[in-house]
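The chain contents come next:
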Amino acid sequence: MQAHVNRQYRVSPYLAFFLIYKTQFGVGVLGFQRYISKASGHDAWIAVILSGLIIHLLLWMMYQILNKEQNDLISIHQTVFGKWIGNLLSFLFILQVFISGTTVLRTFIEVIQVWVFPLFKTWPFALVFLTSAYYIVSNGFRTVAGVCYFGSIIPLILIPTFLAPLEFANFRNLLPVMDHSITDLIKSVEEMTFTILGFELLLLYYPYFIEPEKSQKWTHYGNLFTTLIYAGVAIVTFAYYGEDHLQVEIWPTLTMWKVIKLPVLERIEYVAISAWTIIILPNICTAFWAASRGVKRIFQITQRSALLILLAGSFIITCLLNNRMQIDHLNSFVSMIGIYLLYAYIPILFIIYHIRHKMRKRS
Amino acid sequence: MIIRREGVTGIRRPRKNKQETAEPPSTWAEPFWERGDFTHTHHANATHPYWITHITSLVDTEVLHRDILPYLNKLSFPTLQEVESVLPIEEKEITDDPEKIKDLLLRGYVWIRFSDRVLEGVLARAELDKSRAVSIPQEEFSVVGPKESFVESLTTNLNMVRKRLPIKELQLQELTVGTYSKTKVAVLYIDGVANEENVNTVLQRIKAIKFYQILDSSYISQLITDNSNSIFPQMLDTERPERVAAVLAEGSIVIMVDGSPHALIAPTTLVEFFSAFEDYFINWQMASFFRIVRLFSVLFSILITPIYVAVVTYHYALIPTDLMVTLVTSRSIVPFPPILEAMILELTIELLREAGARLPTKVGQTIGIVGGIVIGTASVQAGLTSNVLLIFVALAALASFTTPVYRMGNAIRLLRFPFLLFAQLWGLIGVAIAFIFVMGHLLRLTSLGRPYLEPIYPLRLKDLRDSFIRLPFNTQSHCPAYLQTQDKQRFTPPWRQKPRDIDE
Amino acid sequence: MKKWIKWMKPITLVVIAICIIIFGNVRKNVLDEIQLVTAVGYDYIDEQTATMTAVTPVFRSDASIENKTLSITANLGKEALIALNRESSANLANAKLEVALFNKEMAKRGILHMIDTLHRDPNIGTSLSLAVTEGVTKEILNQSFGTRDTGHYIASLLEHNTQNGSIPNNSLHYFLSAYYTKGKDPFLPLLKLTDREITLTGLALFKKDRMVFELDRSHLFTFNTLYGKNRFPGMKVQIGDKFVAMRVITSNRRISIRNTQTTPEITIYLNIRASISEFSGKHLKPQHVSQTEHALKKQVSQQGHQLIRKFQQLGIDPLGLGDHVRSHTRNWDFKTWQKQYPRVKVRIVPRVNIVEIGVVDGLD
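Residues numbered from 1 in each chain as written. Chains lettered and ligands numbered in written order. Predicted model: local features only at pLDDT ≥ 70, side-chain atom pairs only at ≥ 80, totals over all residues. Heavy atoms only, no water.

### Describing the overall build of chain C
Alright, step 1. Across its full length, chain C carries eleven helices and 14 strands.
Alright, step 2. Relative to a compact globule of 364 residues, whose C-alpha radius of gyration would be 21 Å, chain C shows 27 Å and is clearly more extended.
Alright, step 3. Taken along its principal axes, the extent of the C-alpha atoms in chain C is 100 × 55 × 50 Å.
Alright, step 4. Here chain C holds 364 residues, and the buried ones make up 53% of them.
Alright, step 5. Within chain C, contacts between residues separated by at least 24 positions form 66% of all contacts whose residues are at least 6 apart in sequence.
Alright, step 6. Carbon and sulfur atoms make up 51% of the accessible area of chain C, which amounts to about 17800 Å² in all.
Alright, step 7. Taking the average place of the 48 positive charges on the side chains of chain C and the average place of its 33 negative ones, the gap between the two points comes to 9 Å. (Helix = DSSP H or I, 4+ residues; strand = E, 2+ residues; numbered from the N terminus. Rg over C-alpha atoms; globule rule 2.2 N^0.38 Å. Buried < 20%, exposed > 50% of the residue type's maximum accessible area, 1.4 Å probe, protein only. Contact = heavy atoms within 4.5 Å. Areas by Shrake-Rupley, 256 points an atom, 1.4 Å probe, with all protein chains shown as cover. Lys, Arg positive; Asp, Glu negative; His and termini not counted. Charge placed at Lys NZ, Arg CZ, Asp CG, Glu CD.)

Laid out in structure tokens, this is it:
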């Protein structure tokens, strides 16, 4: 069962940059600083860079497998583990993708409910948003990649607003550098995982690139860019808030914006939250594209119906979660799966695949 | 063009028409005898008597009297071949095929026979091709540059294009479309430049058209467009011959329709709709500046009223303190919620535009002034609208007129309303949602199967040279990539010299 | 069956649209139908209750503003706003809140409650100005200052004084930052209503959320200089029987810390540059300049040591010395620092430089 993709549905390798960057940059930016600084305080920006490096390594591992196989994760699973176990593993992978997509949506709705409209109902927004996701995903991967592209380009206007709080910043907050132990940093790296999760979808994108090998360079650039942005935001945040002050802010990024006053626009956070609607759309679209593609490949049903089922499922889950505690639980659950997926599963897959590969060559 | 014949009354009954043609050839023209503009005359006093049959309203009488009758009268014992050879007309033939005779008669041919009992005769073209004189472009007006625009005659239009592209590679495929209108449609492209796949797509789509009447090029564009449910035009229409010549040279395909002063250009991209052809007549810095101004004015035009509604209805916190006084005082006398106020004003502007467009030019201007000044001021004074919003709406209307292509301007006019509704629903987040849908829609759109958003997505840095900005001509040595042309390079860019030192 | 599928899409879309229009409604805050609260004041009544006063501007059609105050005595916190709403004709909206005032009584007993309310509300910007007032805030807020909105007036008064360097930067953000940062204590400007005008009388220094010390206006220059990089609008020094006035005094601060692991020793180096704008004597001679430099040096040094001794006695650290030590110390422990702080040696080394003497050389 080959995952051959017709050339007209493939995209140029440079889009890998946006596909990686966009899936990593999402709703987490609004509040990752507090989580990562819990363990390592003002040194957590080092943890951001460390996790960026780890992801570079994981990306390299993924390409080592993908380039040899020229196929997507589902086929790889089948060749490595056989049909049944392989499909089971693929199914778990897809489940993780699906749940993280849903989590992103629910978390974002929570942001709206807290910051903009206190009496905002969850389901109408989820309905509209998932409809738009259907509209985009149903047109195939090119459109999904396009949404990633625009979702990366348009919010770049917001980058200067991250510089504005520097007026109130106190860079002494970052001193002394490396005041925390390595174990603290590792804890922070773990916390960072949920935020930068999403690049693992590459395992499913891969056959969709024209000359997929060339996309490796771009994925690394994408990850580098993400790391730099996150590290930059983290440094600005730590300089803006003292270490202990940060611990009481749930959404440090948004609170940071509250201090900016422009001559035509006071209170940027409302604009930023609206812009975030455009930022999280690609995250949801890629998640549902990948999940529906996976379901199609495993269960042999059309991708369109798979997509509809997944969206409906996501809609129901989103509506059932109705308070901060549940959302937080879901977030940490997804984060936990993410940690296993990244730091355990991909390296294990890498090793097993290469052992199998050698064995096959010998026989 | 009214041709009185039996078929006319039965024009909605094509089946009867078919039966008619199946009748014996000598009788099918019988009912035409002495009916309306169908003439069938016997010239008995010529040296050799002959019959002439034609439809007077289609035939140029001057041609008939100058180029046909004198020669026929002079002939003695002629054969049809001799008649054919002697007539100083290029398009003529001898036939006895009743279908063809009928078809040609309806296209303004004169049928010359020696006896009205046989069908065989000479058919000579004496078509009356009257059209309005070439005039100044009305829609795509430009201050500098050529002032010719297309007219309703295909021959004249083709002449204007050919004049600008006197090369043998300029190919023209003529098709006839429309079961009743039999409209001539010409597909133009430059062989060796235009992508063959694109040409074939256009030809196939035009051939596949099943429609009874093609009265304008917009019919064709609606019938062969990629997505007919989209409000965005996917084919660029222009009335400027030099634009047609320019896009042909870039590798686009142009469709011209007889009876329409607009040529269609395909494939095209969204960005191209915001470039006026005048941009090529002025220097590149200015052209780039105007293009950017146009881009911002489009964004402004679409977003300003929705943002006003969103901010005033939900996000008062966004308004700077110093502006607050102005806004609150202007709003406080208005009895309606912001959305209603905005809708009233927007619809008023649409009303004025529509009225101005339907009325003769001079009256239209008056309406504009009366509407703009009188209604605007009066409604503010009456407290029906706030003057801040009036300024926004008027500016938005003005901004929407900067779009060089009329059809795109219409799309932008319409686009504002969904944004407005979403702004009312969820404020700025609603605006973002509406934006998402528009973005998704634009990403899905194609023009002849080529991505509509090129060169923004997929990103083609080379094509960006002539998109939001226009760089100098010597940087534009390549055809746009989205056209996938066969011959990529238009000219070799001037050899770059080594930078010279000062005063050397 | 086929027909059914054909109509599915439009019907689904219409159903979604209708659902959203009906159920998607959120509460509107139409600009002219709300009453903006631009200033609030809290006055102490007893342990449990406080009077809360809110100022709302009423915009007249000629663009002038009339201020309306609402006040209520209730339990602390959010409840007050809900109670105030009962008094108001329109929904009170607090996103444009510009200033919050606390009377001294209140500040002395702790303002965390109110600060928490202001901080927790996503509508309120962190650039909100805070101030402590001598006397009842209700009185100040009831006063109208021309045709301007009172909240905006007080906020711009504070902002202006911050910008010209009379008082160090302060806003809700700075307060929270100092409050939460270990080794740093917040302070707020102190206002007083005198003769229908508001004047800045000094700074109220806090220990956590309680005001413990009142810094007089005369000490502002020294405090600001010690606090950080500053640009003070002007001051006077006495040399002999004459006065010298100086304008725009810029100062830089550098802190060096020794013995971080045992008992830190802190030296504050100050670099002050000023220009003379007024001289009460006849001729401004070079020795006058050096005398001025010396006098200023002495004043800063004396006042500075005095202030720091006072802070150490009170156990407050508005200058953020603790935070400074933290940034120079690995594994800094706040508890040890707290014990050490009253005994920490702080040295002030000022350097004064008169750079200009104005456009007049002197009068003979």
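### Description of the overall build of chain B
Alright, step 1. Within chain B one finds 15 helices and twelve strands.
Alright, step 2. Scaling as 2.2 N^0.38, a compact globule of 504 residues should have a C-alpha radius of gyration of about 23 Å, whereas chain B reaches 29 Å, well beyond that.
Alright, step 3. Seen through its C-alpha atoms, chain B measures out along the principal axes to roughly 100 × 70 × 40 Å.
Alright, step 4. In chain B, buried positions account for 49% of the 504 residues.
Alright, step 5. Within chain B, counting contacts between residues at least 6 apart in sequence, those at least 24 apart form 63% of the total.
Alright, step 6. Put simply, chain B shows about 24500 Å² of open surface, and 59% of that area lies on carbon and sulfur atoms.
Alright, step 7. Charge separation in chain B, taken as the distance between the mean sites of 51 positive and 53 negative side-chain charges, equals 3 Å.

### Considerations on the interface of chain C and chain B
Alright, step 1. If you look at the interface, chain C gives 24 residues, while chain B gives 21 residues.
Alright, step 2. Taken together, the two surfaces of chain C and chain B that pack against each other cover about 1900 Å², and 70% of this comes from carbon and sulfur.
Alright, step 3. Here chain C is connected to chain B by one salt bridge.
Alright, step 4. Ionic pairing is found between B:Arg331 and C:Asp32, a salt bridge with its closest N-O pair at 3.2 Å. (Buried area = accessible area lost by both parts, 1.4 Å probe. Salt bridge = Lys/Arg side-chain N within 4 Å of Asp/Glu carboxyl O.)

### Let's talk about the environment of A:Ile109
All names here are of chain A.
Alright, step 1. Positionally, Ile109 belongs in helix α5 (residues 83-115).
Alright, step 2. By relative accessible area, which is 0% here, Ile109 ends up buried.
Alright, step 3. With 93 residues separating them in the primary sequence, Ile109 and Leu202 have C-alpha atoms 27 Å apart.
Alright, step 4. Once you skip the residues sitting within four places of it in the chain, Ile109 turns out to touch Thr122, Phe125, Ala126 and Thr318.

### As for helix α7 (residues 141-153) of chain A
Alright, step 1. Look at α7(A): 18 Å from first C-alpha to last across 13 residues, which is about the 18 Å you get at 1.5 Å a residue.
Alright, step 2. Looking at the buried positions of α7(A), the neighbouring elements they touch are α1 (15-24), α6 (122-137), α10 (202-205) and α14 (269-299) of chain A together with α15 (406-444) of chain B. (Expected span 1.5 Å × (residues − 1).)

### A short note on the UniProt feature "domain: Spore germination GerAC-like C-terminal" (unreviewed entry) in chain C
Alright, step 1. Within the UniProt annotation, "domain: Spore germination GerAC-like C-terminal" (unreviewed entry) is assigned to residues 201-358 of chain C.
Alright, step 2. The span residues 201-358 of chain C carries 33% helix and 43% strand; its end-to-end C-alpha distance comes to 29 Å. (UniProt positions renumbered as here; feature names shortened; annotations may be inferred.)

### Describing the packing of helix α3 (residues 44-69) of chain A against helix α11 (residues 215-240) of chain A
All names here are of chain A.
Alright, step 1. It is the contact of α3 with α11, at a shortest axis distance of 9 Å, that shows an interaxial angle of 165 degrees. In this view, α3 runs roughly antiparallel relative to α11, as classed from their interaxial angle. Seen along the crossing, α3 lies across α11 with a hand that is right-handed. Contacts from Ala44, Trp45, Val48, Ile49, Gly52, Ile55, His56, Leu59, Trp60, Tyr63 and Asn67 in α3 reach Ser215, Gln216, Thr219, His220, Asn223, Leu224, Thr227, Tyr230, Ala231, Ala234, Ile235 and Phe238 in α11.
Alright, step 2. Residue classes in the contact of α3 with α11 are distributed as 14 nonpolar, nine polar and no charged. (Axes fitted to C-alpha atoms, helices over the stretch in contact; angles between N-to-C directions. Parallel < 35°, antiparallel > 145°, perpendicular 65-115°, else oblique. Left-handed = near helix turned anticlockwise from the far one by under 90°. Nonpolar A, V, L, I, M, F, W, Y, C, P; charged D, E, K, R; others polar.)

### Structural notes on unusual backbone geometry
All names here are of chain B.
Alright, step 1. A cis amide bond links Ala266 with the next residue in sequence, Pro267, at an omega value of -15 degrees.
Alright, step 2. Mapping Pro267 onto the fold places it in the loop between β10 (263-266) and α10 (284-313).
Alright, step 3. Of note, the bond from Tyr457 into Pro458 is cis; its omega dihedral lies within 30 degrees of zero at -5 degrees.
Alright, step 4. Within the secondary structure, Pro458 is located in the segment after β12 (450-451).

### With respect to the UniProt feature "transmembrane region" (unreviewed entry) in chain B
Residue and element names in this part refer to chain B.
Alright, step 1. Annotation from UniProt places "transmembrane region" (unreviewed entry) at residues 292-314, 364-382, 388-407 and 419-443.
Alright, step 2. Annotated as residues 364-382, this span is 95% helix and 0% strand, and its ends, taken at the C-alpha atoms, are 25 Å apart.
Alright, step 3. In residues 419-443, the share of helix is 100% and the share of strand is 0%. The end C-alpha atoms are 18 Å apart.

### Looking at the packing of helix α8 (residues 220-227) of chain C against helix α9 (residues 286-314) of chain C
All names here are of chain C.
Alright, step 1. Contact geometry of α8 with α9 gives a least axis separation of 9 Å together with a crossing angle of 80 degrees. Taken together, the axis directions place α8 and α9 in an arrangement best described as roughly perpendicular. Of the residues in α9, those touching α8 at Phe221, Thr222, Phe223 and Leu226 are Leu296, Val300, Gln303, Gly304, Leu307, Ile308 and Phe311.
Alright, step 2. Looking at the contact of α8 with α9 residue by residue, the class counts come to eight nonpolar, three polar and no charged.

### Some details on the interface of chain B and chain A
Alright, step 1. Every contact between the two is made by 26 residues of chain B and, on the other side, 38 residues of chain A.
Alright, step 2. Taken together, the connections running from chain B to chain A amount to zero salt bridges.
Alright, step 3. At the junction of chain B with chain A, the criterion picks out nine residue pairs in polar contact (both at pLDDT 80 or more). (Polar contact = N/O pair within 3.5 Å; in protein donor to acceptor, adjacent residues only side chain to side chain.)

### Some words on the packing of aromatic side chains
Alright, step 1. Taken as a whole, this structure holds 59 aromatic pairs over all chains when the rule is applied.
Alright, step 2. Summarising the aromatic geometry, the rings of C:Phe145 and C:Tyr153 are spaced 4.5 Å apart at their centres and angled 10 degrees between planes, so their arrangement reads as stacked.
Alright, step 3. By relative accessible area, C:Tyr153 is classed as buried at 15%.
Alright, step 4. Residues C:Phe223 and C:Phe311 carry aromatic rings whose centres are separated by 6.2 Å and whose planes lie at 90 degrees to one another, so their mutual orientation is edge-to-face. Here C:Phe311 lies in helix α9 and C:Phe223 lies in helix α8, a separation of 88 residues in the sequence. When sorted by exposure, C:Phe223 lands in the same class as C:Phe311, which is buried.
Alright, step 5. Above the plane of the ring of B:Trp111 lies B:Arg113, whose end atom (NZ or CZ) is 3.6 Å from the centre.
Alright, step 6. Sitting over the face of the ring of C:Phe243, C:Lys236 holds its NZ or CZ atom 5.6 Å from the ring centroid. (Phe/Tyr/Trp six-rings, centres within 6.5 Å; stacked < 30°, edge-to-face > 60°. Lys NZ or Arg CZ within 6 Å of the ring centre and 35° of its normal.)

### Considering the pattern of salt bridges
Residue and element names in this part refer to chain B.
Alright, step 1. Tallying each qualifying case throughout the model produces 39 salt bridges over all chains.
Alright, step 2. Ionic pairing is found between Arg243 and Glu140, a salt bridge with its closest N-O pair at 3.2 Å. Residue Arg243 is located in helix α9 (residues 241-250), and its partner Glu140 is located in the loop between β5 (121-125) and α6 (154-164); the two are separated by 103 residues in the primary sequence. Both residues of the pair, Arg243 and Glu140, count as buried.

### Notes on the pairing of strand β6 (residues 99-103) of chain C
All names here are of chain C.
Alright, step 1. The buried fraction of β6 amounts to five of the five residues, a majority that puts the element mostly inside the structure.
Alright, step 2. Of the two faces of β6, both are covered, the one formed by Val99, Leu101 and Asn103 as well as the one formed by Ala100 and Phe102.
Alright, step 3. Pairing between strand β2 (residues 39-44) and β6: four bridges, direction parallel. Its bridge partner lying in β6, Tyr42 is registered against Phe102.
Alright, step 4. By the bridge criterion, five bridges tie β6 to strand β7 (residues 129-134) in an arrangement that is parallel. Looking at the pairing, Leu101 lines up with Ala131 of β7. (Pairing = 2+ DSSP bridges.)

### Some words on the sheet that holds strand β11 (residues 230-239) of chain C
All names here are of chain C.
Alright, step 1. Spatial strand order, β11-β12-β13-β14: four strands in an open sheet with mixed pairing. With one partner strand each, in any of the chains shown, β11 and β14 (345-356) form the two edges of the open sheet. The average undirected angle you get between the axes of adjacent strands in this sheet is 35 degrees.
Alright, step 2. In this structure, β11 lies alongside strand β12 (residues 242-258), joined through nine bridges in antiparallel fashion. From the neighbouring strand, Lys236 faces β12, where its bridge partner is Ala245.

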